[in-house]
Amino acid sequence: GPMPRVYVLPGKGLNAISFGWGLPFMSAVGATEGLIDSLTEDELTAVMAHEMGHVYNKDILVSTALTISVMMIAFTGWMMYRLGPFTSSNRSRSSRKKEDGGISALIVIFLIGLLMYVFGRLLGVVLQMFVSRQREYAADATSARIMGTPEPLISALNKISMNPRLGVSSVASAAVGTLCSADPDPYDLMSTHPSLYDRVEALSNLKIY
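So, how was this worked out
- Residues numbered from 1 in each chain as written.
- Predicted model: local features only at pLDDT ≥ 70, side-chain atom pairs only at ≥ 80, totals over all residues.
- Heavy atoms only, no water.
- Pairing = 2+ DSSP bridges.
- Helix = DSSP H or I, 4+ residues; strand = E, 2+ residues; numbered from the N terminus.
- Axes fitted to C-alpha atoms, helices over the stretch in contact; angles between N-to-C directions.
- Buried < 20%, exposed > 50% of the residue type's maximum accessible area, 1.4 Å probe, protein only.

Enquirer: Sorry, what's going on with the sheet that holds strand E3 (residues 27-32) here?
Expert: Paired through their backbone hydrogen bonds, the strands of a sheet run either parallel or antiparallel. If you trace the 3 strands from one edge of the open sheet to the other, you get E1-E3-E2, paired in mixed fashion. Both edges of this open sheet fall to strand E1 (5-9) and strand E2 (16-20), since each of them pairs with a single strand only. For this sheet, the mean inter-axis angle between neighbouring strands, taken without regard to orientation, is 20°. Pairing of E1 with E3, which is carried by 5 bridges, proceeds in the parallel orientation. Its bridge partner lying in E3, Arg5 is registered against Ala28.

Shown next as structure tokens:
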């Protein structure tokens, strides 16, 4: 049958990602250069089986859609924040009487941008509560069944826990974290992933038939 496209992602962080629109031929998976260099063949296969699990379990559609939503909201908020001083400056130059109005506009734009960022983060919490954490356990189980044992994925997760970061900004990490094997910001209180400890424990208790 059709297979997702496979990509190598630049960076020394240890992580993998899956994204797309639900069907294998409309999806893709990738692993960072750091991950490829750090894992054994079995460990890397187990991680990619985890990502394939996301594809074939059809849960990347929701994650991709919400990730795009978070990114759009975060980008819009960032643009409003960056354009705020420019807008305020132009207004104050056009008329000294409008200087106070320019400052007020800056404050309003900044607050709207902040609210949009917070709303984007709340989307991540919703994903965490209703989708993401359970889908991680399910993809882990899929990987273990494909490999015939959970041990390669357990070993890989232990290595990934040392450096899961993707080398992107915190806003970008918040947006793409739902697509990754491990949260690229593991100390994020709004993490969309269960802890690696909990995942390893679940894998250790998994019965492979």
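Enquirer: Hey, could you run me through the environment of Ile146 in this one?
Expert: Considering the arrangement of structural elements, one finds Ile146 in helix H4 (residues 99-147). A relative accessible area of 54% places Ile146 in the exposed class. As a C-alpha pair, Ile146 and Ala49 span 97 residues in sequence and 7.0 Å in three-dimensional space.

Enquirer: Got a minute to help me understand the environment of Ala138 in this structure?
Expert: Counting through the fold element by element, Ala138 comes out in helix H4. Classification of Ala138 as partly exposed rests on a relative accessible area of 33%. C-alpha of Ala138 to C-alpha of His54: the two residues are 84 residues apart in sequence and 8.3 Å apart in space.

Enquirer: Help me understand the pairing of E3 in this model?
Expert: On a regular strand, one side chain projects to one face of the sheet and the next to the other, so that they alternate. Of all 6 residues that make up E3, 6 are buried, and the element is covered over most of its length. Along E3, one buried face is formed by Ser27, Val29 and Ala31 and the opposite face, lined by Ala28, Gly30 and Thr32, is buried too.

Scope: geometric values only; no functional claims are made or implied.
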